2 protein chains.
Amino acid sequence: METGRTLMDVVKERCEHCSGRSLSICNAIDDEDLPALVAESSRISVPSGRSFIEEGAPAHDFYVLTSGRAKLFNLMPDGRRQIVGFAELGDFLGLAASETYAFTAEALGDATLCRFPHSSIDRLIERFPRLRCRLQEEASSELVSLQARLMLLGRKTAKERLASFLVEQARPCCRVGGEAGAERPLTLSLPMSRTDIADYLGLTIETVSRTFGHFKKEGLITVKGASSVTLLSFKELSNIANGVR
Amino acid sequence: METGRTLMDVVKERCEHCSGRSLSICNAIDDEDLPALVAESSRISVPSGRSFIEEGAPAHDFYVLTSGRAKLFNLMPDGRRQIVGFAELGDFLGLAASETYAFTAEALGDATLCRFPHSSIDRLIERFPRLRCRLQEEASSELVSLQARLMLLGRKTAKERLASFLVEQARPCCRVGGEAGAERPLTLSLPMSRTDIADYLGLTIETVSRTFGHFKKEGLITVKGASSVTLLSFKELSNIANGVR
DNA sequence: CGACAGATTGACTTGATTCAAAAAGTGTGG
DNA sequence: CCACACTTTTTGAATCAAGTCAATCTGTCG
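**Comments concerning the protein's contact with DNA strand D**
Right, on to step 1. Neighbouring DNA strand D are 14 residues, the closest being Arg194 and Ser209 of chain A together with Ala158, Thr207 and Arg210 of chain B.
Right, on to step 2. For DNA strand D, the fraction of protein-proximal atoms (within 4 Å) that sit in sugar or phosphate groups is 64%.
Right, on to step 3. Residue alanine 158 of chain B places a main-chain N or O atom 2.8 Å away from a phosphate oxygen belonging to DNA strand D.
Right, on to step 4. Sorting the residues of the surface near DNA strand D by element identifies helix 7 (205–217) of chain A together with helix 7 (205–217) of chain B as the ones contributing at least two each.
Right, on to step 5. A class-by-class count of the residues in the surface near DNA strand D yields 3 nonpolar, 6 polar and 5 charged.

**Quick notes on helix 7 of chain A**
Residues and elements named next belong to chain A.
Right, on to step 1. Helix length check: helix 7 (13 residues) gives 18 Å between terminal C-alpha atoms against 18 Å at 1.5 Å per residue, within 8%.
Right, on to step 2. Of all the positions in helix 7, only Val208, Thr211, Phe212 and Phe215 are classed as buried. Seen from one end, helix 7 has its buried residues packed into an arc of 105 degrees, which puts them on one side. Set apart from the buried face of helix 7 by more than 90 degrees, the exposed residues are Arg210 and Lys217.
Right, on to step 3. One or two steps after helix 7, the chain reaches glycine 219, where phi turns positive at roughly 75 degrees.

**Quick word on unusual backbone geometry**
Residues and elements named next belong to chain A.
Right, on to step 1. You will see that alanine 226, though not glycine, has its phi angle at about 70 degrees, which is positive.
Right, on to step 2. With respect to the element layout, alanine 226 can be found in the loop between strand 9 (221–224) and strand 10 (228–231).
Right, on to step 3. Assessed through its relative accessible area of 40%, alanine 226 is described here as partly exposed.

**Structural notes on the packing of helix 6 (residues 194–201) of chain B against helix 7 of chain B**
All names here are of chain B.
Right, on to step 1. Relative orientation of the contacting elements helix 6 and helix 7 amounts to 100 degrees, with a least axis distance of 8 Å. Viewed along their axes, helix 6 and helix 7 adopt a mutual orientation that is roughly perpendicular. Listed contacts from helix 7 to Arg194, Thr195, Ile197 and Ala198 of helix 6 are Ile205, Val208 and Phe212.
Right, on to step 2. Partitioning the contact of helix 6 with helix 7 into residue classes produces 5 nonpolar, 1 polar and 1 charged.

**What to know about the nonpolar core**
Right, on to step 1. Counting residues in each nonpolar core, the largest one holds 108 residues, and the members touching the most others are Phe165, Leu166 and Leu231 of chain A together with Phe165, Leu166 and Leu231 of chain B.
Right, on to step 2. Excluding residues within four positions of it along the chain, leucine 166 of chain B makes contact with Leu188, Phe212, Phe215, Ile221, Val229 and Leu231 of chain B.

**So, the domain arrangement of chain A**
Residues and elements named next belong to chain A.
Right, on to step 1. In terms of domain boundaries, chain A breaks down into domain 1 (7–152) and domain 2 (156–241).
Right, on to step 2. Listed per partner, the contact involves 16 residues of domain 1 and 18 residues of domain 2.
Right, on to step 3. Counting each side, the surface lost to burial between domain 1 and domain 2 is near 1,500 Å², with a carbon and sulfur contribution of 56%.
Right, on to step 4. Among the residues of domain 1 in contact with domain 2, Arg69, Phe86 and Leu152 are the three that bury the most area, contributing 43% of the side total.
Right, on to step 5. Our count for the contact surface shared by domain 1 and domain 2 stands at 10 residue pairs in polar contact (both at pLDDT 80 or more).
Right, on to step 6. Looking at the side of domain 1 that touches domain 2, the elements that each hand over two or more residues are strand 3 (61–75), strand 4 (81–87) and helix 4 (129–155).
Right, on to step 7. In terms of residues, the side of domain 1 that touches domain 2 owes the most to one element, strand 4, which gives 6 residues.

**Focus: the relation of the copies chain A and chain B**
Right, on to step 1. With an axial shift of 0.0 Å and an RMSD of 0.0 Å, the rotation relating chain A to chain B amounts to 180 degrees. Such a turn and shift between the copies fits a two-fold axis. Judged by C-alpha distance, leucine 153 of chain A is the residue of chain A that lies nearest the rotation axis, at 2.7 Å.

**Some details on the packing of aromatic side chains**
The geometry of an aromatic ring pair comes down to the distance between the two centres and the angle between the two planes.
Residues and elements named next belong to chain A.
Right, on to step 1. Under the counting rule described, the total for this entry stands at 10 aromatic pairs over all chains.
Right, on to step 2. Taking 5.4 Å as the distance between ring centres and 40 degrees as the angle between the ring planes, the aromatic pair formed by phenylalanine 62 and phenylalanine 92 counts as tilted. Here phenylalanine 92 lies in strand 5 (residues 92–93) and phenylalanine 62 lies in strand 3, a separation of 30 residues in the sequence. Comparing phenylalanine 62 with phenylalanine 92 shows no difference in burial state: the two are buried.

**Digging into the interface of chain A and chain B**
A common way to express how large an interface is: the accessible area buried when the components associate.
Right, on to step 1. Taken residue by residue, the interface counts 41 residues in chain A and 41 residues in chain B.
Right, on to step 2. In total, about 3,500 Å² of surface goes out of reach between chain A and chain B, with carbon and sulfur atoms giving 65% of it.
Right, on to step 3. Counting across the interface, chain A meets chain B through 4 salt bridges.
Right, on to step 4. For glutamate 160 of chain A, the salt bridge goes to arginine 80 of chain B, with nearest N and O atoms at 2.8 Å.
Right, on to step 5. Run the count over chain A and chain B and you get 12 residue pairs in polar contact (both at pLDDT 80 or more).
Right, on to step 6. If you list the elements that add at least two residues to the side of chain A that touches chain B, you get strand 3, strand 4, helix 4 and helix 6 (194–201) of chain A.

**Examining the protein's contact with DNA strand C**
Right, on to step 1. Within the structure, DNA strand C sits among 15 residues, and Ala158, Thr207 and Arg210 of chain A together with Arg194 and Arg210 of chain B are positioned closest to it.
Right, on to step 2. Backbone atoms, meaning sugar and phosphate, form 62% of the atoms of DNA strand C found within 4 Å of the protein.
Right, on to step 3. In the environment of DNA strand C, a base oxygen lies 2.7 Å from a nitrogen or oxygen atom belonging to the side chain of arginine 210 of chain A.
Right, on to step 4. In the model, a base nitrogen of DNA strand C is placed 2.9 Å from a nitrogen or oxygen of the arginine 210 of chain B side chain.
Right, on to step 5. Contributions of two or more residues to the surface near DNA strand C are made by helix 7 of chain A together with helix 7 of chain B.
Right, on to step 6. Residues belonging to the surface near DNA strand C are distributed by class as follows: 3 nonpolar, 7 polar and 5 charged.

Analysis parameters
Residues numbered from 1 in each chain as written. Chains lettered and ligands numbered in written order. Predicted model: local features only at pLDDT ≥ 70, side-chain atom pairs only at ≥ 80, totals over all residues. Heavy atoms only, no water. Near = heavy atom within 4 Å. Polar contact = N/O pair within 3.5 Å; in protein donor to acceptor, adjacent residues only side chain to side chain. Helix = DSSP H or I, 4+ residues; strand = E, 2+ residues; numbered from the N terminus. Nonpolar A, V, L, I, M, F, W, Y, C, P; charged D, E, K, R; others polar. Expected span 1.5 Å × (residues − 1). Buried < 20%, exposed > 50% of the residue type's maximum accessible area, 1.4 Å probe, protein only. Arc of directions from axis to C-beta. Axes fitted to C-alpha atoms, helices over the stretch in contact; angles between N-to-C directions. Parallel < 35°, antiparallel > 145°, perpendicular 65-115°, else oblique. Contact = heavy atoms within 4.5 Å. Core = buried A, V, L, I, M, F, W, Y, C linked by side-chain atoms within 4.5 Å. Domains from an automatic or database assignment. Buried area = accessible area lost by both parts, 1.4 Å probe. Least-squares fit on C-alpha atoms with pLDDT ≥ 70 in both. Phe/Tyr/Trp six-rings, centres within 6.5 Å; stacked < 30°, edge-to-face > 60°. Salt bridge = Lys/Arg side-chain N within 4 Å of Asp/Glu carboxyl O.

Following this line, the structure appears as structure tokens:
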């Protein structure tokens, strides 16, 4: 259902429904200039579970996610994994200033991307000066959200972590039904496995599963088949997430 | 000893000895233009322990640290604290795109800063276009280092965390004696308390203290009066930091 | 020197992990 | 549509790394 969109479509759509937590090119490019941008890129399909960016590999290209989702992670030599983030529609990946990619990116379900050679970004920026401001804003907001994750990983309990995760996933773009803030139920469809959630929150799958169990027992959520979660009290979850007792 | 330097001095020095982990204005401004930059700023002295940026306060100004150091942190309602980073000579603070500061910044020992009104940054960027590239590069490298800290907080053991911290503190700018990489001893002077280290690493002071103890017993470090630490085997500490068994 | 904050050490507790097993999903082919 | 095989998730019991509480110890500084 979400396949076949071009970069152009995504750029246009994105402005409307997502206030962008990651690097977007939206708003930086005038409509009549879009074709030039699209000409620089090539489209790529990535099947579920396949990685398209490898940590440490030479960073030749950057990508815009045009459908599906992806997980971004780092590995330790013994296999311990930390997911640094999930990318979604319109997110920019692989923009690191360094010579090599800083993380591995793997499709969560089938995904499509637009790929640009790194060399063309300077040309693009020269042509669309607002692009640079835009990138900077987005990098800045990414910094803020990473800082929030430091608090999560460094100081929060398992319950607080999972509550934070659920609240975060309740952003408009991920919702299936309901509205945030309201006390009425809000249903999320989580494309990632329990293992992914655990590696995102710095926990084990067992703890994630047990914590889902606690929330169920306390009447805060209902779960249908592991990937569909309904938040029954967004407010209360949000309080837990922020350590409000 | 480190007092009384102007922004100009710092900008000049910085290029030489530090490959910059945070936002620097160095390299972006020609020498003859420096006075104009300096004219926009005002100098501030902050006594030890005083904060000069408050999380959540309206972000009117940004700062360049011109002497001393600072800790940047977030708090939870019940007082749990996560230090998101330490700032040092030449670091740029308070550049967040948002309307409010994302963290509290507090001087570690006496510090001096140059303050710029936020309104002047656009003017500066217009005048010194390379400044924007520079800021972007620095933001990007900050992103990479924050990602490394996610792995540290989410997946590393206490020993690995402290080893990572010591290796990180062994950057040129913090060294008192010795060279990194070599097997010869390398002495660090740590301006932060055990509590600060604990809040940086997501541990308690007791665990930090005990872990220092382990490293002493294993002959990896010697400690003199809590703030002076000598790394006896940088390589081995680096292996521990990266989980190499 | 005395006093106080900060750091260390020890004994005990605990939240989360580990190991193990059962249960619930998911997909495939007949 | 169901039966089978496989994977993922959940649940249970035991363990452990790090936290908590409490008592020294150490360094610093007036």
